[in-house]
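Structural overview for review
Now for the letters of each chain:
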Amino acid sequence: MIRKYTQQGKNHVNQDICDHQDYVVWMIDGATPLFGDDLLGGNDVQRTMQQISQQLKIQSKKYDTLSQILFHACKAVEQEYQNTISNYEQIEKYKLPTFACTMIKIHEETIDWYAIGDCEIYLDGEVYTDDRFARVNQRNQQPTDDKLILLQSSRKLLNNDKSEEGYWIGSLDGKGIIHGKGGILPYDGTSPIYLYSDGMSKVFADKQLLKEKIQVESEAFIEYIHANRHRTTDDITMIEYTGEKDD
């Protein structure tokens, strides 16, 4: 069974998206555009995240590993833009939409997991994420007279393996996808698995309700969101997988 919850933040349209196809589940958090949101026809980040999510449904039927599925989803969307945006190849990569993502693939007794960027997966008291991205968040908290310039300077370091400050993140060219974190976990289907955005991780900072295996969209879940929404102005999104059969 799949349960979802998403809520737009205060700063822009909702750039999170979560979904699933068969036994593959994903959470995508589009990065805030720092160089304009209209290089690809308008509302670039939200629209691109939606396109990648749709491609994940397609590519999950063609490829086996989560990194392969995500890579080919990104390349398929990139190809669409290359075919329709005449100056696409002239746009600097760091100006194009980027994203964090977590994914799982359910098997009979195990799950595969994958993460790039600061989305998280929660299962049985453990958080699985790409903890390397904390370094980027720390960089972005440096004291500065111009926050935008600082954020832009960090964004320019994406998927840059020639700089000590470079970092891997999801992008249309798929360059960083192979460098995501992941692994295999035992799973007997009795516990819920939660995938959520960094905004939602701030709301559920203590993870207490996740420890209690709360149902996404339940009354208690919604009440908790309302009581703790002040912790972030970002979009908040969570998708829950359980081994239960849909009604």
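For clarity, every value in this text was computed on a predicted model and none was experimentally measured. Throughout this document, residue positions are counted from 1 along each chain, in the order its sequence is written. Note on the predicted model: pLDDT of at least 70 is required for a residue's local features to be given, and 80 or more for side-chain atom pairs to be given and counted; whole-chain, interface and lining totals, by contrast, use all residues. Values reported for side chains reflect all heavy atoms of the structure, with hydrogen atoms and water molecules removed beforehand.

1. Observations concerning the nonpolar core
Put simply, the rule is: In this text, buried Ala, Val, Leu, Ile, Met, Phe, Trp, Tyr and Cys residues form a nonpolar core when linked through side-chain atoms within 4.5 Å. Only protein chains enter the accessibility calculation, which uses a 1.4 Å probe; a residue is then buried when its area is under 20% of its type maximum, exposed when over 50%, and partly exposed in between. Helix numbering and strand numbering both begin at the N terminus, where a helix is a DSSP run of H or I of at least 4 residues and a strand a DSSP run of E of at least 2. We call two residues contacting when some pair of their heavy atoms lies within 4.5 Å.
Counting residues in each nonpolar core, the largest one holds 27 residues, and the members touching the most others are Ile28, Leu40, Ile52, Leu56, Leu70, Phe99 and Met103. If you list the elements that add at least two residues to this core, you get β3 (24–30), α1 (44–59), α2 (66–84), β4 (98–106) and β5 (110–116). In terms of residue count, α2 provides more of this core than any other element does, seven residues in total. For phenylalanine 99, the contacting residues outside a window of four places in its chain are Ile28, Asp29, Gly30, Ala31, Met49, Ile52, Leu70, Cys74, Ile169, Gly170, Ser171 and Ile177.

2. With respect to the pairing of β4
Applied cut-off: Strand pairing requires that DSSP identify at least two bridges connecting the strands.
With nine of its nine residues buried, β4 lies for the most part within the structure. Across the two faces of β4 the burial is the same, with Thr98, Ala100, Thr102, Ile104 and Ile106 and Phe99, Cys101, Met103 and Lys105 all buried. When β3 meets β4, the two strands line up antiparallel, connected through seven bridges. Within β4, the residue paired with methionine 27 across the bridge is threonine 102. Across two bridges, β4 lies against strand β8 (residues 170–171) in antiparallel orientation. By the bridge assignment for β8, threonine 98 is matched with serine 171. When β4 meets β5, the two strands line up antiparallel, connected through six bridges. From the neighbouring strand, isoleucine 104 faces β5, where its bridge partner is tryptophan 113. In this structure, the hairpin formed by β4 and β5 is closed by a connection of three residues.

3. Details of the pairing of strand β10 (residues 193–196)
The side-chain alternation of β10 yields two buried faces, one formed by Ile193 and Leu195 and the other by Tyr194 and Tyr196. As judged from the three bridges shared by strand β6 (residues 120–123) and β10, these two strands associate in the antiparallel manner. Directly across from glutamate 120, in β10, lies its bridge partner tyrosine 196.

4. A short note on the packing of aromatic side chains
Applicable threshold: Only the six-membered ring of Trp is used, alongside the rings of Phe and Tyr, when aromatic pairs are assigned; centres must lie within 6.5 Å, and planes under 30 degrees apart are stacked while those over 60 apart are edge-to-face, with the rest tilted.
Applying the stated criterion to the full structure yields nine aromatic pairs. Judged by centre distance (5.4 Å) and plane angle (50 degrees), the ring pair of tryptophan 113 and tyrosine 128 falls under tilted. With tryptophan 113 in strand β5 and tyrosine 128 in strand β7 (residues 126–129), this pair connects stretches of sequence that are 15 residues apart. Owing to a relative accessible area of 11%, tryptophan 113 belongs among the buried residues under this scheme.

5. Quick notes on the pattern of salt bridges
The criterion, for reference: Whenever a carboxyl oxygen of Asp or Glu lies within 4 Å of a side-chain nitrogen of Lys or Arg, that contact is scored as a salt bridge.
Summed over all chains, the structure comprises 14 salt bridges. In this structure, lysine 105 and aspartate 64 form a salt bridge, with 3.0 Å as the shortest nitrogen-oxygen distance. Taken as a pair, lysine 105 in strand β4 and aspartate 64 in the loop between α1 and α2 lie far apart in primary sequence, 41 residues in all. Take lysine 105: its relative accessible area is 13%, and that puts it in the buried class. Here lysine 162 and aspartate 161 are joined by a salt bridge, their closest N and O atoms 3.9 Å apart. Owing to a relative accessible area of 77%, lysine 162 belongs among the exposed residues under this scheme. Salt bridges sharing common partners tie together Lys4, Asp19 and Lys57.

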